[in-house]
Number of protein chains: 2
Amino acid sequence: MSHGLYLLNTQPTTAMSPLTFGVAQLNPVIGDLVGNCDRLLIAIQEFAAKGVSLVITPELSICGYPPRDLLMSQQFVHDMQTAIADLASKLPPDIAVIVGTVCPNPEAAQVGGKPLFNSAALLQEGKIKQVFHKRLLPTYDVFDEDRYFAVGNGSQVLTLNFKNGQALRIGVTICEDIWNDHKFWEKRNYAEDPVAELTQNHDLDLLINLSASPYAVKKQQLRENMLSHSAIVHNLPLIYANQVGANDDLIFDGRSMAFSRDGKMVACGKGFEEDLLIINFEDGAKPSPQNGYECDEAEIFAALVLGVRDYVRKCRFKQVVIGLSGGIDSALVAAIATEAIGCENVLGVLMPSPYSSDHSITDAIALANNLGITTQTIPIQPMMSAFESSLANIFTGRASDVTEENLQSRIRGSLLMAISNKFGNLLLSTGNKSEVSVGYCTLYGDMNGGLAAIADVPKTRVFDLCEWLNRTNSKLTIKSKLGQDHRDSSEVIPVNIITKPPSAELKPDQLDQDSLPPYNILDDILDKLIHQHFSAAAIIDSGHEQAIVERVVRLVKIAEFKRRQAAPGLKITDRAFGSGWRMPIASKVTP
Amino acid sequence: MSHGLYLLNTQPTTAMSPLTFGVAQLNPVIGDLVGNCDRLLIAIQEFAAKGVSLVITPELSICGYPPRDLLMSQQFVHDMQTAIADLASKLPPDIAVIVGTVCPNPEAAQVGGKPLFNSAALLQEGKIKQVFHKRLLPTYDVFDEDRYFAVGNGSQVLTLNFKNGQALRIGVTICEDIWNDHKFWEKRNYAEDPVAELTQNHDLDLLINLSASPYAVKKQQLRENMLSHSAIVHNLPLIYANQVGANDDLIFDGRSMAFSRDGKMVACGKGFEEDLLIINFEDGAKPSPQNGYECDEAEIFAALVLGVRDYVRKCRFKQVVIGLSGGIDSALVAAIATEAIGCENVLGVLMPSPYSSDHSITDAIALANNLGITTQTIPIQPMMSAFESSLANIFTGRASDVTEENLQSRIRGSLLMAISNKFGNLLLSTGNKSEVSVGYCTLYGDMNGGLAAIADVPKTRVFDLCEWLNRTNSKLTIKSKLGQDHRDSSEVIPVNIITKPPSAELKPDQLDQDSLPPYNILDDILDKLIHQHFSAAAIIDSGHEQAIVERVVRLVKIAEFKRRQAAPGLKITDRAFGSGWRMPIASKVTP
C-alpha cells in the first residue's frame, strides 16, 4: 500500500491537500519542436498558476504525432533532445511534467533493433529525471511504429516525489500499451499486456496513458468503455491524455479523460479543440459528458472542420478555393470550409458547360448566398472547343466517349489550380468515398486539390450530413457573416441540392445512377468490402445481386491507380484510403 | 556429419549421383495465384525433365512480392492455401519444391501477434509436407512486413529424404533472415541471427534463402559479397533464389546465385529476366559473371526497361504515350519505352507553344526517327488563349507568374490524358529525381501519368544514361525497326538533346539554371540530403554554399504535396520517393 494512493481518494479528514493533475491537450505542428515546446510551456505555466502538481501531455507531443520519416533524421532526433532539455530548464518550480518524446536506443547498433524509443519523459526540477518507453508498437492501418521504434524495455513505474513530502507511484503507459486487455477485446493483439504486468508487479496509485489516438466514427465510446474497464479491473484511477488537431489525413479528437478506480469518468477534455484539462479525483464522478455530440453527423462535421482548418493553417494558407458544381459534395465541402476558416476565406468557382443544368448554377449560387462566400463563374465552353479542335485530327473517326467527359473535368481542374496558383489559396477537392472507391472521378480533374475533405465520407453519409446541417442550422456557428442576412434560417444546403438526383453533368441528361448502382446499395457493398473485409461471395450471400457485387469489386480494384495519386483525404472511419490503405496497382486478383 | 553433406562435395569416387538443384527465378503477377502456380508448375516440370531433385522458388512466389494489403483479405489467404495444395498435387514424381507462401498463425488470436507467417513450404509427394517461417521481418524503406507477419517460430531445418535413400539437411531462410551477420555488417539490425543459430545448433548440408530483394544500384555486388561471406563463415554451400520482375515501383532483378562452401559463386541467374537456374555444386566454382553489366548505366537501363515493360503488361496495356518536349528526360523515357515494348507501341506527342524553341521540335522529331516511334503534334496555343481569355476577368491587375507556366504544363497533361483515354495507351511521365525532389514540375501537368519511369534517376544520371546509350548503341537491341534504317548508327539520343542547356520552355528564354543550382551541385546536395541522411549543416560543411543548401532543403520540404500525388516511380536507389518515403506534408521543420 503506497502512501500516494491515499492522495487520490476521497478522504477529506486528512490535512494533506489532494493532488491536482493537468492534461495539456494541445494541437502540435508536426516537426515544430520550438513552437510546440513554447506552447507547452505556456500551458504548464497556466497549470502551475492553478496549483496543478503533475501535467501529462499526449504522445510525442514535442514533435507532434505522427512525425513519420522525420524520425529518420539524426539532426531532428538531436534537436528533440535539445528542445526537451530546454523545456525542462524553463519549468516553473513545484510542478512535474510527463511529456511525450523520443529517446535514442543506446543498444541498437550492438544488440540490434530500431534506433529510437517512443517515450515519456519526466521533467522535474529543471531536468529530465526519468524516461519510460512504449512497449506495444502499432503497425497496422495508418500506423508504422515498428518502422521507427524499438520495443520498450525498462521500468514503466514512476515514483513521483513532491517537495511537500508526498509521493505517488504511477504506471506510465503510452497509447497502444493500454489497448491489449484480452478480457475487454476477447482476444490478444500482442503477446504482452503492459498494464496487467504493471499492476500485478507493482503497488500503483495511478495509471496514466499518453496517447495520439486518431478520430474515427464511434471510437470515443469504445475508448471510454475500454478505459473504464481498465480502471475497474486494475482498481486504479486512470488519466488518458490524447492529442488534438489534424495532421494531413489524420484527425485527432482530443477528449482526454480521467476515470476513478471504480470506472466512473471524472473529467473529459473538449472534442476537436485544445483544452487544459484539470483533474481532481476527489471531486467524485461526474456524469459522462457524452462527448458533446448529439449524433454521429455532428461529430463527423466537427472532425472535418478541424481537419480542413488545421491543414489550411499548418500548410500556411489562409484561403481556400472550391469548384461548386451545384451538387451535394461540393456543397458539403463549402459548408465545412466556411465553418473552418470563415466565409471571407472561401471562394466558390462555378464552371458551367453546355451540359450543365440551369439548377447547377442557381443551386450553387443559393448555396454561396447561404454560406456568405464569394463566387466566380467561368464557363468552360471556350476551352472545350479549343481542345476538341486541337484533338479533332488525331481523334478522326473515333466516337465520343469518356475522353470528352474527362476533358471537361480536367479543364475545370486546371482552372481551379490556376486560381489557386494566382491567389495562393488552397484547392479543396470534393470527391466522396463512394466515388473514390469505384473510380467515379477524374484524375487530374475533379480529384485536383491539396486536401480531399470528404474522401472518407460515403455518399449516403454526405446526404445525412447535409440534412443534419439543415436541421441544426440554428445551433451552428457557420461563420457566414454575409450569408446570415440573406438566407432562409432553416437551411444551409439548398433543399434542391439534396433532393435532386446526383449527376456529373458531363454529357446530356447524365445521372450517376446510369453508371452506378443506387448509392444505398453501393455504400452497403462498399462497407462490407472495405470496412468489414467481406469477400465478394460473402457480400452476395448477404443479399446483393451477384452481377452488381462483382462489378463493384472490379471497379474498386481498377481504381487503385487513381487513388494512388489522390490528395490526402481526411480519415473518419477505421479504414480510409490513404496512408493506411496499401494496395498494389499492377496486380490480378480473382474476386 | 550428415549423410547429405557428402552429396554436395566433389567426391567423384562415390557411386551415388550428386543432387541437382533448380531455382525457379520467375516473374509473378501480384495476386494472380492461379497464373503464378501454373507458370511455376511448368518450370518444375522442365526442371524434373532435366533431373533436378529440389526446386527452390523466391519468397512469396505464389502471390508475388509484395502482395501488400491483399494479405488483409481472408479470402485471399484462403485461396493461397488452395492454390498451393493444388500445386503440390500436380507435382511430377521424384521432385521436391520449396515454395514461398504465407501460412496462418494459429496462435494469433489467443497468444497475440499478426495472423500470418511469411513462409516456405516443402511440397513433395503430392503434399505440403513441412513449413518454415521467416524470422526477421523488414520494416523500413518500402518494406512493411511487421504490418502483416508474425515473427517466425519453429524449426528452420528441413531434412529432405529422396526415394533413392539420399537425405539432405537444409537450413531454410527467407530473405532478411540472412541479412544480419554482424561481422559482415559490423552492426546488428536485429537481435537474432537465424543463420548463426541454424548452423550452430544443427549439422547442415546446405543453406537456402528464398528472396524478393528489390534492385538498387550497386546492390548486387553487396549481395554477392554478403552471401559469399555467409557461405565461408558457416562452411556451407548456399543457394539464393531471388524474384525477378517489376511490381509497381519495385524492380526485382533476379540474379539468383549459388555459392560453394568456400564462398565461390558456382551459378548465377540472369539479370532482369526469368531464368531456370540449374545448380550442380560438384561442377566447381565458375568465374563470377560480373552480373552481366559493363557499368551502372547498363544495369540501370535494363532495370528501367523491365520496370516499364512489366507495369505496362501487368496493368494490361499494350501501348504507351509520352510527351516529347525535345528535352533529355522525355528522350530517355522514350528510349526506355521503345526498348521495353517496341517502337510500334510507343507514341510521342509534341505540344509546342509560342515559347518553344525550334530545336524542341527538330530534336524531338530526330529522336522519334532514331527510335522509330510515331509522333503526333498538337500546338497548345489555342488552349492557352482560351484559358487566358476565360481567366482574364478574375486575374485583372495581376502580373503573369508561375500560374501561366503551370497552365501550359496542364494543357499538355490534359492532351496526353485525352489521348491515353481515347486510345487506351498508358501515359508515362518523364520527371527526373532532381526535379521531383525540388518540385520543379507541375502537379496535374507534366507529372501526369500512370508510371514515372525515371523519377528515381537524378538529372546528372539522366545525362550519363543518354551518353551511355549513344556509346553502346550498336550493342543495344532497341526495337526500332523503322528507325534503324534512318538513324545515324552512332546515336540513339540526338546529340543536341544532350548538349543544349535544359529548359522547361514555359516562358521566353527560360533555362532550368535560372531557377535551380547547376545540376551537378543540386544532385550532390540531394544525394547527401536524401541518400546519406546529412543535415543541412553537414552539407554546408561538406563545401556547399549555405544559401543554396538552405534553399534546396526548403524546396525539397515544400514539394512534399506534389510528390504525395505523383505516379508510382521506378525505384533504382536505396531511397526513392514513393512507398518507402513517408513524410508529413503539413509540418514545420527548421533545417
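Structure shown above.
Residues numbered from 1 in each chain as written. Chains lettered and ligands numbered in written order. Predicted model: local features only at pLDDT ≥ 70, side-chain atom pairs only at ≥ 80, totals over all residues.

**Q** Teacher, can you tell me more about the overall build of chain A here?
**A** The secondary structure content of chain A amounts to 21 helices and 19 strands. Here the C-alpha radius of gyration of chain A, 26 Å, is about what a compact globule of 591 residues would show, namely 25 Å. Considered along the principal axes of its C-alpha atoms, chain A spans approximately 85 × 55 × 45 Å. The proportion of buried residues among the 591 residues of chain A is 56%. (Helix = DSSP H or I, 4+ residues; strand = E, 2+ residues; numbered from the N terminus. Rg over C-alpha atoms; globule rule 2.2 N^0.38 Å. Buried ≥ 20, exposed ≤ 12 C-beta atoms within 10 Å, placed from the backbone.)

**Q** Hey, could you run me through the sheet that holds strand β17 (residues 374–377) of chain B in this one?
**A** Strands in a sheet are paired, the pairing made by backbone hydrogen bonds, and the direction either parallel or antiparallel. Residue and element names in this part refer to chain B. Spatially, the five strands line up as an open sheet ordered β17-β16-β15-β18-β19, and their pairing is parallel. In the strand order of this sheet, the two ends are held by β17 and β19 (451–452), each with one partner. One ladder, built from four bridges, connects strand β16 (residues 346–350) with β17; its direction is parallel. Looking across to β17, one finds that Leu347 is bridged to Thr374. Strands in contact with helix α9 (residues 328–341) are β15 (320–323), β16 and β18 (426–429); relative to β15, the strand with the most contacts, it is inclined by about 165°. Here helix α10 (residues 358–371) sits on the sheet in contact with β16 and β17, set at roughly 170° to β16. (Pairing = 2+ DSSP bridges. Contact = placed C-beta atoms within 7 Å. Axes fitted to C-alpha atoms, helices over the stretch in contact; angles between N-to-C directions.)

**Q** Could you clarify how one ought to interpret the interface of chain B and chain A in this entry?
**A** Often, the extent of an interface is quoted as the loss of accessible area on bringing the components together. Between chain B and chain A, the contact holds 80 residues from the first and 80 residues from the second. Of all the secondary structure elements, the ones that give two or more residues to the side of chain B that touches chain A are α1 (33–49), α2 (74–89), α3 (108–111), α4 (145–148), α8 (296–314), α11 (381–392), α12 (402–423) and α21 (560–564) of chain B. By residue number, the principal contributor to the side of chain B that touches chain A is α12(B), which donates 12 residues.

**Q** Got a minute to help me understand the relation of the copies chain B and chain A in this structure?
**A** Each copy of the chain is related to the other by a rotation around an axis and a translation along that axis. Expressed as a screw operation, the relation of chain B to chain A combines 0.0 Å of axial shift with a rotation of 180°, fitting to an RMSD of 0.0 Å. Look at the turn and shift together and you get a two-fold axis relating the two. It is B:Gln565 whose C-alpha, among those of chain B, lies nearest the rotation axis, at 2.1 Å. Both copies present the same face, since 99% of the interface residues in chain B are matched by interface residues at the equivalent positions in chain A. (Least-squares fit on C-alpha atoms with pLDDT ≥ 70 in both.)

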